[in-house]
Each structure stands twice: as structure tokens, then as C-alpha cells.
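For reference, the chains in residue letters:
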2 protein chains.
Amino acid sequence: MYSIGIDLGGTNIVASVVNEEYKILGTGKTPTNTPRSADEIFDDIAKVCREAMDKAGVKMEDISSVGMGTPGTVNSDGVIEFANNLGFANVPAKEMIKERLGDIPVFIANDANCAALGEAYAGCGNGSKNFVAVTLGTGVGSGIICEGQLVTGVNAAGGECGHTVIMMDGEECSCGRKGCWEAYASATALIRQTKAAMQENPDSVMHEIAEQEGKVSGRTAFDAMRKGDIAGIKVVDNYIKYVACGLINIINTLQPEIICIGGGICNEGDTLMTPLKRYVQADRYSIHSKIQTKIMRAELGNDAGIIGAAILGSIG
Amino acid sequence: MYSIGIDLGGTNIVASVVNEEYKILGTGKTPTNTPRSADEIFDDIAKVCREAMDKAGVKMEDISSVGMGTPGTVNSDGVIEFANNLGFANVPAKEMIKERLGDIPVFIANDANCAALGEAYAGCGNGSKNFVAVTLGTGVGSGIICEGQLVTGVNAAGGECGHTVIMMDGEECSCGRKGCWEAYASATALIRQTKAAMQENPDSVMHEIAEQEGKVSGRTAFDAMRKGDIAGIKVVDNYIKYVACGLINIINTLQPEIICIGGGICNEGDTLMTPLKRYVQADRYSIHSKIQTKIMRAELGNDAGIIGAAILGSIG
């Protein structure tokens, strides 16, 4: 049998047919074109599902379940309670998919949680049952898997490690709190930190790099560091300390087998991962334990969310 | 059938016979008298177990399992890997109890985790399957229960929410990190904060209160607040903000059904709980969710750890 995984994003709707070995066999895609009504968006969701089935050469009766990852919070009835960037409030996603695709088991979950499931089962987790995925992107997303199950809490809003405070009364976060990990460890935060350092260091090579690129990006400080720029080195070092701080908090709380790091910043590879592991190693509470949480890079990229959504039906 | 719960503490060893309704039927107790060899301490553990059985009027064959809570980290083989205040390193606790009490199922867990289990099953949790217990004492202890199971992680060192950083590069913590929640929200931290405020405010009524009590305690600032002392009010308000910060971090990560707060500071009752709930309510990420984590006071006091240890055998 096969399943369908859907990634409902603020920019695109993507659906894939996935087999039991977590391989993608065919994919459909269309722009989300927000703001639109939920009805229009769900019509397109059904359309890309059919496109994926056509490309994979399978029929509706070959599909055992449909799973969808969405931004925002989803309750246990499959209702999207709130998704800011889709303009959704109390959208009965599960029912709306069933209305369009027929009476098939449908599962809805938060997109970061789907990505965590995908990496845990089919990516760097290699089936790990105690796993946390962290995405360093525009924000800091995360998903927690404990004994093989997603930890979403009593209201399906759990797993938001990006919105734990690491610096009380610190930088403003998009969530309304001050000092959240996201406000220090996201790519957005790194860009803000880079701009601040550039202002303080008019001679830094970061100015030239940004001019060549046409903008300040999450790479600017890393590129400057590779050229030996002191200000760039400091930005990168501080940024990695911020990332490490949140990772150690997760470790001390959950001691997962693996924490997987994804998002654009991870393209820095060992430049990021080597010092990050060193900071985590030095400061964790479990320093006396023989077994330690492994920190790994995400492997599946954007496919993680789709594969994770497709798995939702098989993990109960 | 009955089970035995043991609380191995730095000061006392206590064991109780517990029935299937989580009621304590008989208790034995003796001082721990550290530093002593593990053999001597485990001889006394067996002795207090027999004392508890005598008092409860039950025999060894009526006991289905023995559970023990201990400070420090315990691995899945029932070995205490490291417990600083007992002077233990790699002590095979499970085997040492079996050697003394016979071939009976024995379970060993961290003491804060046992206390969490006790409150979840027999105390304020009333059977809650998604539950976090936080103890505001000398340190900040915590235990996490997810879908009815203790979350101890890959190395049994998990659940240490007290050692998550809320203020990077902040106050030194006993664990070696800087800025841990414990360094701001423990009774020890409150006393430090009270002393600092007293030094800055020579006219504060806190000086008189401390003189009458013979020391600065976790109550000093609360008592001053009740007398309208501005410096005392500020100490209490800041302290409650620190406690709230860590609680919100737990909520945003796990969204448990209940967080239970225990420890001496809770004797302040509503003076603590009412503003604490207000701060948590205002700042949590799940503000749009209909279901919210409940914050409750612990009910079982010191019995929580013993009852939780006694339950270890029945939760698999």
C-alpha cells in the first residue's frame, strides 16, 4: 500500500505518494496563493493529491491514508485552530480533505512535527524513537518524538522549543515574549546580529561581502569568518553559542537519542556543526553519562515534512 | 498485593508499604549517615523495608515489587551512575536490593521522577498521563510524564528542567552552567535575591524580619511584602517572574495537562500561585488554544517520592 503526504505551506501546496520504504513515487505542486478561502485552498490540495497519484501511477484504492502538515496549531479532531500565515481559524481540515478525496483515514499535524517524524523515521534518525528535530530558518521550528510518538501536548500546541526563553527580557520575539531562543538562533536573528556588527565595525569585510551579494544574509558573517574577519568571527561564535544554549536546554530536559538540525544555516556544514558540538559537550548536565545525545544534520531537506505527513497514518 | 516504595535521601532513608489505592500502610525510617559505604547503606535500606512490612502487617510474599527513588542518575540496568550527595558512582542498586530482599522485581529511578509519578497518579494529577512536577527547593527539581511514562531519555538523565538556561551568561548554577532556571527560581536563589535587596535597601522591613527569625529565609521577602514593604514586593514579584519564565518554557515545549508545583515556597499558597498563573497566562505561546495547561500545587508532600517509587513496578 501507499500513503499520501501533503505539505501545506504559506507559499506552496505539495503532495507526494510515498511507499512503505518512505520513498517518494510522484509529486504534485501548486502555489498556495494566500489569502484565499479555505474551500479554494482545499480544492487545490485535492488537485495536487490527484496529480501526485497520476505521476506515481497509483489509484485512490491503493492509498491507505492521507496525512497533511500545516503551519499553526491542529487539534486532535484534525481542525486547524489557528494558522496565522494561512489566515485560518478553526478550519476543519480533516473533514475538508475527506469531502474531496472520499472516506479514507486522514491525519493532520503541525508541519514542524511532520518534518521531525520524517527525519526520525526516514532520515538521519534511522528509526530513532527518541528524537528532536530543530530547524534554523526564518524562525526556529522544532518537533519532539518520544518513544516513537509525536509530543504535541494536551492541546496539540507542543514542541515549540523555539519559543522557550534563553534570555529573560532580551530580544523581542515574533510570539510576543522577549528573549526566546528563536530571537537569537533563527536565520533572521543571525542577519540582525550581522547587521549590528557591521554597524559597529565599518572596516569589516562583511560590508564588501554584503555589497557583492546585494544583501546581508545568513551567510555573510560565515563568509567573513572564512576570510579571517574578526567581527565576522565574533558574530559566528556568538550565534553558535546561542544555538548551543537552546540545544543543551533540550538535552537537559529530554535527553533524546538524536537532535537533528535542519534549515538553511546547516549548509555551513562542519563550520557550524563542529564548534556547536563542542559547546554542547562542554555544558550539558549529563556530562557523567556514558550515553550522550547525538547532534546530526537533517538529511531529507524539504521532503522531510511530506514523508512525515505520509507516515502519520502508520504511527497511530 | 502491595508494593514497597523507598526514598533514599541525603539525610534519611524511608520505606513504606503501599497498597493498590496508593495508600501508605506502614513506614520505616533511618538516617542515611553519609558518608558510608554503599553496602552499609543498602543493609539499612533492607532494614527499613522490613520495618515497613512489620508495621503494615504484611509479609515479603505479599509484595509484588520494590521501587526506589535516589538522587542522581540511574541507568536502565538499575545502576546509580552518579549521585554526588551520596558519594555514589556506578552502584548496582537493583542488584544490591535483590541480594538483600530476595528475588523480587526491583525498579530504581531518580527521586524527582518518582515524586512526579506519585503526584501524577495519586496526588494533584489524579491519574493525568501528561504531567510535569516541579519542586522549588534547595534546587529546582522536575520530572516529566508523557503518555503515562516517565521521560528519562536515552541515558536516564532527562527531566532536568531546573538546568535549562533562562538567562544566558547569568547567575552561576550548581551544575556549572550560567543562568539556569534553578539559579533564579530555587529557594536558594530567592534567599540570595532577598539578601541582595536587603543590602540595597537598609530601611527595608526585611532586616527586622530576618533579625526576628534569626536568618534570611525563603519567607523573608514574602513576609515583608505582606507588611507593604516596597523592596520586599519587588523581590517577590521578580522571583515569581523567574518561576513563570521556566514554567512557560515547559508549557511551550510539552503542553502538559498539568504542571504541579511543590517545595517549601508553595506554602505561600495563593500569594505565590495567583500572580504566577497570571504571568504564565499572559506569556504562553498557546494563547489561542482552548485547552490550557493547569498549574496546581503538589498535594502529597514528602510522600510523593515514596508512592511514586512504589508505583514504578506497575507502570512498566
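Just above, that's the structure.
Here the residue numbering is sequential within each chain, running from 1 through the sequence in written order. By the order in which they are written, chains take letters starting at A while ligands take numbers starting at 1. With pLDDT at 70 or above as the cut-off, local features in this predicted model cover only qualifying residues; side-chain atom pairs require 80 or more to be listed or tallied, and sums for whole chains, interfaces and linings still use all residues. Working from all heavy atoms in the structure, the side-chain values ignore hydrogens and water.

The contact criterion used throughout is that any non-hydrogen atoms of two residues lie within 4.5 Å. Listed by partner, the interface residues are 43 residues for chain A and 43 residues for chain B. Accessible area that two parts lose when put together, evaluated with a 1.4 Å probe and summed over both, is termed the buried area. Together chain A and chain B conceal approximately 3,900 Å² of surface at their shared face, both sides included; 61% is due to carbon and sulfur atoms. Of all residues in chain A, Met-168, Arg-177 and Tyr-285 of chain A give up the largest surface area on contact with chain B, accounting jointly for 18% of the area buried on that side. Here a salt bridge means any side-chain nitrogen of Lys or Arg lying within 4 Å of a carboxyl oxygen belonging to Asp or Glu. Applying the counting rule to chain A against chain B returns two salt bridges. A salt bridge links Arg-177 of chain A to Asp-283 of chain B, with the nearest nitrogen and oxygen atoms 3.9 Å apart. What qualifies as a polar contact is a pair of N or O atoms within 3.5 Å, subject to a donor-acceptor requirement within protein and to the restriction that residues adjacent in sequence count only when both atoms come from side chains. Joining chain A to chain B, the criterion identifies 22 residue pairs in polar contact (both at pLDDT 80 or more). Every helix listed is a DSSP run of H or I at least four residues long, and every strand listed is a run of E at least two residues long, numbered separately from the N terminus. Where the side of chain A that touches chain B is concerned, the elements lending two or more residues are strand E6 (80–83), strand E10 (140–146) and helix H8 (230–254) of chain A. With eight residues, the single largest contributor to the side of chain A that touches chain B is H8 of chain A.

Attention now goes to the packing of helix H5 (residues 187–200) of chain A against helix H6 (residues 206–213) of chain A. Residues and elements named next belong to chain A. Axis angles are defined between N-to-C directions and span 0 to 180 degrees, where every axis is a line fitted to C-alpha atoms and, for a helix, only to the segment in contact. As a packed pair, H5 and H6 sit with axes 10 Å apart at the nearest point and diverge in direction by 125°. It follows from the interaxial angle that H5 and H6 lie oblique. Facing Thr-194, Ala-197 and Met-198 of H5, the residues of H6 in contact are Met-206, His-207 and Ala-210. Residue classes in the contact of H5 with H6 are distributed as four nonpolar, two polar and no charged. Our angle categories are set so that under 35 degrees counts as roughly parallel, over 145 as roughly antiparallel, 65 to 115 as roughly perpendicular, and the remainder as oblique. The classification used treats Ala, Val, Leu, Ile, Met, Phe, Trp, Tyr, Cys and Pro as nonpolar, Asp, Glu, Lys and Arg as charged, and all other residues, Gly among them, as polar.

Residues and elements named next belong to chain B. In this scheme Phe, Tyr and Trp rings, the latter by its six-membered ring, pair at centre separations within 6.5 Å, and the angle between planes marks the pair as stacked below 30 degrees, edge-to-face above 60, and tilted otherwise. Inspection of every chain in the model, using the stated rule, returns four aromatic pairs over all chains. Pairing Tyr-184 with Tyr-242 gives two aromatic rings, centres 4.9 Å apart and planes at 50°, and the pair type is tilted. Placement of the pair is Tyr-184 in helix H4 (residues 182–185) and Tyr-242 in helix H8 (residues 230–254), with a sequence separation of 58 residues. Like Tyr-184, the residue Tyr-242 is buried in the burial classification. Partly exposed residues are those whose accessible area sits between 20% and 50% of the maximum for their type, while under 20% is buried and over 50% is exposed, using a 1.4 Å probe and protein chains only.

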